[in-house]
Amino acid sequence: EVRDYCTDEDKGRDLLIIIDGTEKSTFEFYEDVFQKNGHILRSLNTNLVTTLRLDAFYRLEGKPNLDFYQEVFVPMITVTTDNRHILEQIISKRVDVDSFFDKLALSYIVDMSGGSLRQLLRLANQALLFSRGNKVDLDRSKNVVSKEGEKLYHALSPDQKDMLKSNIWIDNWSHPDASVM
């Protein structure tokens, strides 16, 4: 019924359900929802996008009832001048960029996402929320990046913080400005 209504009213191309935040769930959650009770999701007859902890993906691999799902891995993207416009387009598909972002503000958010699509969307969303209807400028973008970075840093364990400070990660770092660490 919903699909027919959307088609009749020209409200989109198809149905999509997004289950956000599942990468933080336990293995047992994945096993229960996607493998043991996967028939419930399949019965919805719609597109489904979700995230999956890497260990859960490999632990469930080959189990019954999982052949229904199509796996797509979205990698981190090194941000360059050649692909920056593509990352900006991702935001422009969700909001009218010209109305809500200064050019420099959006460019800064793209750079600071480090190539993580999840982080890109989070930063853009937070910048829009904190702008309270005003156009997001460069200062607001920097403020949001700083606050989000602090939240992530405080979520790290002492061992993880020591590893970051030791520069062991430096050869695999895709952030354009390693000095922000």
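Fair warning: this is a prediction, and the values are worked out from it, not measured in the lab. (Residues numbered from 1 in each chain as written. Predicted model: local features only at pLDDT ≥ 70, side-chain atom pairs only at ≥ 80, totals over all residues. Heavy atoms only, no water.)

Caption draft 1: Examining the side chain of glutamine 126 more closely. Relative to the assigned elements, glutamine 126 resides in helix H8 (residues 117-131). Accessibility expressed as a relative area gives 16% for glutamine 126, which makes it buried. In this structure, glutamine 126 is in contact with Val144 and Glu148, ignoring residues within four places of it in sequence. (Helix = DSSP H or I, 4+ residues; strand = E, 2+ residues; numbered from the N terminus. Buried < 20%, exposed > 50% of the residue type's maximum accessible area, 1.4 Å probe, protein only. Contact = heavy atoms within 4.5 Å.)

Caption draft 2: Focus on the packing of helix H7 (residues 103-112) against helix H9 (residues 138-154). Where H7 contacts H9, the two axes come as close as 8 Å, and the packing angle between them is 25°. By the angle between their axes, H7 is roughly parallel relative to H9. Judged by the sense of rotation from one axis to the other, the crossing of H7 with H9 is right-handed. Seen from H7, the contacting residues are Leu104, Ala105, Tyr108, Ile109 and Met112; seen from H9, they are Leu138, Ser141, Lys142 and Val145. (Axes fitted to C-alpha atoms, helices over the stretch in contact; angles between N-to-C directions. Parallel < 35°, antiparallel > 145°, perpendicular 65-115°, else oblique. Left-handed = near helix turned anticlockwise from the far one by under 90°.)

Caption draft 3: Main features of the pattern of salt bridges. Under the criterion given, the structure shown has four salt bridges. A salt bridge links glutamate 31 to lysine 36; the shortest N-O distance between them is 3.9 Å. With relative accessibility at 14%, the residue glutamate 31 sits in the buried group. (Salt bridge = Lys/Arg side-chain N within 4 Å of Asp/Glu carboxyl O.)

Caption draft 4: Main features of the packing of aromatic side chains. Across all of its chains, the model carries three aromatic pairs by this definition. Aromatic side chains phenylalanine 29 and tyrosine 30 sit 5.7 Å apart centroid to centroid with 75° between the ring planes, which places their arrangement in the edge-to-face category. Exposure remark for phenylalanine 29: the relative accessible area of 30% places this residue in the partly exposed category. With relative accessibility at 0%, the residue tyrosine 30 sits in the buried group. Ring geometry for phenylalanine 29 versus phenylalanine 34: centroids 6.4 Å apart, planes at 85°, classification edge-to-face. (Phe/Tyr/Trp six-rings, centres within 6.5 Å; stacked < 30°, edge-to-face > 60°.)

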